[in-house]
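Structural characterization, general
What follows is the residue order along each chain.
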Amino acid sequence: MAPEERALPDTWPQLSKFVLSACAASVAELVTFPLDLTKTRLQIQGEAALKRFGEGGVAAAAPYRGMVRTAIGIVQEEGVLKLWQGATPAVYRHVVYSGVRMVVYERLRDSPLGKGTSDTFPLWKAVIGGMTAGAIGQFFASPTDLVKVQMQMEGKRRLEGKPPRVRGVYHAFLTILSKGGVRGLWAGWVPNVQRAALVNMGDLTTYDSVKHFLLRNTNLQDNSFCHSISSICSGLVAATLGTPADVIKTRIMNQPRDKRGRGILYKSSTDCFIQAVRGEGFLSLYKGFIPTWMRMAPWSLVFWLTYEQIRRIVGVSSF
C-alpha cells in the first residue's frame with residue numbers, strides 16, 4: 001500500500017497530528033509574517049477612539065497610508081529585521097492554535113456524527129466543524145496572540161515617542177500578568193475567538209470542501225496541484241470572512257489599559273465595532289484587507305502543501 005493511502009497507525013496518538021500541523025503552521029507563519037505585521041499596523045492607523053481619548057496625553061503621529069508605504073516605512077525607520085518583530089509569539093501561537101484546530105476538525109469529521117456512512121463530509125457539517133475547531137484552538141492560543149500584537153506595535157510606539165510596553169516575549173507575559181493577572185492574558189479573547197471561527201469556516205471548510213469536490217468531480221489527483229487550488233480558494237474566503245473581527249481583535253488587544261488591566265478605549269468587542277463604524281465608516285472594518293489576503297493566500301498555500309507532504313512522508317493518510 002502506498003504511503004499516502006495508509007491510515008494513521010493505531011499506535012500513534014493524536015499528538016502526532018498535532019505535531020505535524022504545528023510544524024507546517026510554523027513554516028507558513030515565518031514565511032508570511034511581514035505581511036501580518038503590515039496588516040496589524042494598518043488596522044491601528046486612524047483609530048477614532050484613540051484620536052478622541054488619546055494615550056497618556058501623547059499625540060499620535062501621522063499614520064502611514066497604504067500597505068506599500070507602511071512596509072517601506074517599517075524598513076526605513078525601524079530596520080528590515082523589524083518586519084519579523086513579534087514572530088516568536090506568533091510561532092508559539094500557531095503551535096497551539098493550528099495543532100488544536102486540525103486535531104479537533106478531523107475528530108469531528110471522522111466521528112459517527114461527521115461523515116456517517118457516506119464518504120463525504122456535508123458542507124453544513126464542515127462549516128460547524130471548521131468554526132468549532134477554530135474557536136477552540138484560538139481560545140487556548142489567545143495569550144500568545146495578545147503578546148504578538150503588543151510586540152508588533154512597539155516600533156510604532158517608539159517612533160511616536162511613547163515609552164515601551166514590552167521588551168520581549170518573556171517580559172510581555174510578566175507585564176500582562178502583573179497588571180491583569182491570569183485573566184489579563186485572555187484580554188480580547190472574544191473577538192479573537194470570533195475571528196478564528198470565521199477564518200476557519202473559510203480556511204478549513206473551504207479547503208476540505210473544494211479539495212474533495214475536485215477529487216470527486218474532476219480528473220485531478222490528490223497531489224500538490226489539487227492542494228494548491230484548494231488552498232488558494234480557502235485563503236481568499238478566510239480573509240474575506242475574518243478581517244472585520246481581526247480589526248476589532250487587534251484594536252482591543254493594542255488599547256492602553258488602566259492599573260487594573262481594564263481597557264481604556266473599548267468596553268467590549270461590540271463597543272469597538274460601534275466606535276469604528278461610527279467614527280471611521282464601515283470600510284474601516286476592512287483596514288489591512290489587502291495584506292491580510294496577500295498573506296492568507298500564501299499562508300494557506302505553504303501550510304496545506306507542507307502539511308499534506310509531511311503527512312505523506314510519515315505515512316499518514318491525506319487530509
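Everything numeric here is computed off the predicted structure, so don't read it as measured data.

**Side note on the overall build of the protein chain**
- Secondary structure summary: the protein chain contains 11 helices and 0 strands in total.
- In sequence order, the protein chain lays out its α and β elements as α-α-α-α-α-α-α-α-α-α-α.
- Looking at the 319 residues of the protein chain, the share that counts as buried comes to 51%.
- Taken as a whole, the protein chain presents about 14700 Å² of accessible surface, with 66% of it coming from carbon and sulfur.

**Brief notes about the packing of helix α5 (residues 123-152) against helix α7 (residues 169-184)**
- Look at α5 against α7: their axes get within 10 Å of each other, and the N-to-C directions meet at 125°. Considering their axes alone, α5 and α7 lie oblique with respect to each other. Seen from above, α5 lies across α7 with right-handed handedness. Packed against α5, whose contacting residues are Pro-143, Thr-144, Leu-146, Val-147, Gln-150 and Met-151, the element α7 presents Val-169, Ala-172, Phe-173, Ile-176 and Gly-184 at the interface.

**Focus: the nonpolar core**
- Core analysis: the largest hydrophobic core is formed by 19 residues, its most contacted members being Met-102, Tyr-105, Leu-204, Phe-303, Trp-304, Tyr-307 and Phe-319.
- At the level of elements, α1 (15-44), α4 (87-110), α5, α8 (189-217) and α11 (289-314) are the ones that each hand at least two residues to this core.
- If we skip the residues at most four places from it in the chain, Phe-303 touches Ser-21, Ala-24, Ala-25, Ala-28, Arg-101 and Met-102.
- Ranked by size, the runner-up nonpolar core spans 11 residues in total, among them Val-149, Met-151, Ala-187 and Met-253.

**Here's the deal with the packing of α8 against α11**
- Where α8 contacts α11, the axes come no closer than 13 Å and their chain directions differ by 55°. Taken together, the axes of α8 and α11 are oblique relative to one another. Along this stretch, α8 crosses α11, giving a crossing that reads as right-handed. Of the residues in α11, those touching α8 at Arg-195, Val-199, Asp-203, Leu-204, Tyr-207 and Lys-211 are Met-296, Trp-299, Ser-300, Trp-304 and Glu-308.
- Looking at the contact of α8 with α11 residue by residue, the class counts come to 6 nonpolar, 1 polar and 4 charged.

**Quick word on the confidence of the model for the protein chain**
- Mean pLDDT over the protein chain: 82, with 88% of residues reaching 70 or higher.
- When the elements of the protein chain are averaged for pLDDT, helix α2 (residues 48-53) gives the smallest value, 68, and helix α10 (residues 269-280) the largest, 90.
- Considering only residues more than four positions removed or in separate chains, one finds that residues 1-13, a stretch of pLDDT under 50, has 17 contacts.
- In this model residues 55-62 is a low-confidence stretch, pLDDT under 50, and it forms 7 contacts with partners more than four residues away in sequence or in other chains.

**Side note on the packing of aromatic side chains**
- Per the counting criterion, the structure on display carries 13 aromatic pairs.
- Ring centres of Tyr-286 and Phe-289 lie 5.9 Å apart, and the angle between their planes is 65°; on these two criteria the pair is classed as edge-to-face.
- Under the relative-accessibility criterion, Tyr-286 is labelled partly exposed at 26%.
- Seen from their ring centres, Tyr-307 and Phe-319 are 6.3 Å apart, and the 55° between their planes marks the pair as tilted. Of this pair, Tyr-307 sits in helix α11 while Phe-319 sits in the segment after α11, and the two are 12 residues apart along the sequence. Grouping residues by exposure puts Tyr-307 and Phe-319 together as buried.
- Its guanidinium or amino end placed over the ring of Tyr-97, Arg-93 lies 4.4 Å from that ring's centre, counting from NZ or CZ.

**Comments concerning helix α3 (residues 67-78)**
- Helix length check: α3, at 12 residues, gives a terminal C-alpha distance of 16 Å against a target of 16 Å (1.5 Å per residue), a fit within 8%.
- Those residues of α3 that sit buried are Thr-70, Gly-73, Ile-74 and Glu-78. The arc enclosing the buried residues of α3, seen along the axis, measures out at 100°, which places them on a common side. In α3, the exposed positions that point more than 90 degrees away from the buried face belong to Val-68, Arg-69 and Gln-76.
- Following α3 by one or two positions, Gly-79 has its phi on the positive side, about 110°.

**Some points on empty space enclosed by the protein**
- All told, the structure shown has 3 cavities of 30 Å³ or more when counted by the stated rule.
- Within this model, the largest cavity holds a volume of roughly 110 Å³.
- Lining the largest cavity are Arg-93, His-94, Tyr-97, Arg-101, Arg-195, Val-199, Asp-203, Arg-295, Met-296 and Trp-299.
- Mapped by element, the contributors of at least two residues to the lining of the largest cavity are α4, α8 and α11.
- With 4 residues, α4 is the single largest residue contributor to the lining of the largest cavity.

**Some remarks on the layout of surface pockets**
- One number sums up the size of the largest pocket: a volume of about 490 Å³.
- Arg-183, Ala-187, Gly-188, Arg-257 and Gly-261 are the residues nearest the centre of the largest pocket, which is lined by 20 residues in total.
- Breaking the lining of the largest pocket down by element, the ones donating at least two residues are α7 and α8.
- Looking at the lining of the largest pocket, its residues break down into 7 nonpolar, 8 polar and 5 charged.

The rules behind each value
- Residues numbered from 1 in each chain as written.
- Predicted model: local features only at pLDDT ≥ 70, side-chain atom pairs only at ≥ 80, totals over all residues.
- Heavy atoms only, no water.
- Helix = DSSP H or I, 4+ residues; strand = E, 2+ residues; numbered from the N terminus.
- Buried < 20%, exposed > 50% of the residue type's maximum accessible area, 1.4 Å probe, protein only.
- Areas by Shrake-Rupley, 256 points an atom, 1.4 Å probe, with all protein chains shown as cover.
- Axes fitted to C-alpha atoms, helices over the stretch in contact; angles between N-to-C directions.
- Parallel < 35°, antiparallel > 145°, perpendicular 65-115°, else oblique.
- Left-handed = near helix turned anticlockwise from the far one by under 90°.
- Contact = heavy atoms within 4.5 Å.
- Core = buried A, V, L, I, M, F, W, Y, C linked by side-chain atoms within 4.5 Å.
- Nonpolar A, V, L, I, M, F, W, Y, C, P; charged D, E, K, R; others polar.
- pLDDT = per-residue confidence, 0-100.
- Phe/Tyr/Trp six-rings, centres within 6.5 Å; stacked < 30°, edge-to-face > 60°.
- Lys NZ or Arg CZ within 6 Å of the ring centre and 35° of its normal.
- Expected span 1.5 Å × (residues − 1).
- Arc of directions from axis to C-beta.
- 1 Å grid on protein atoms, 1.4 Å probe; cavity = no way out; pocket = protein on both sides within 12 Å on 5 of 7 lines; lining within 4 Å.
- Points joined across faces, edges and corners; volume = space filled by probe spheres on them.

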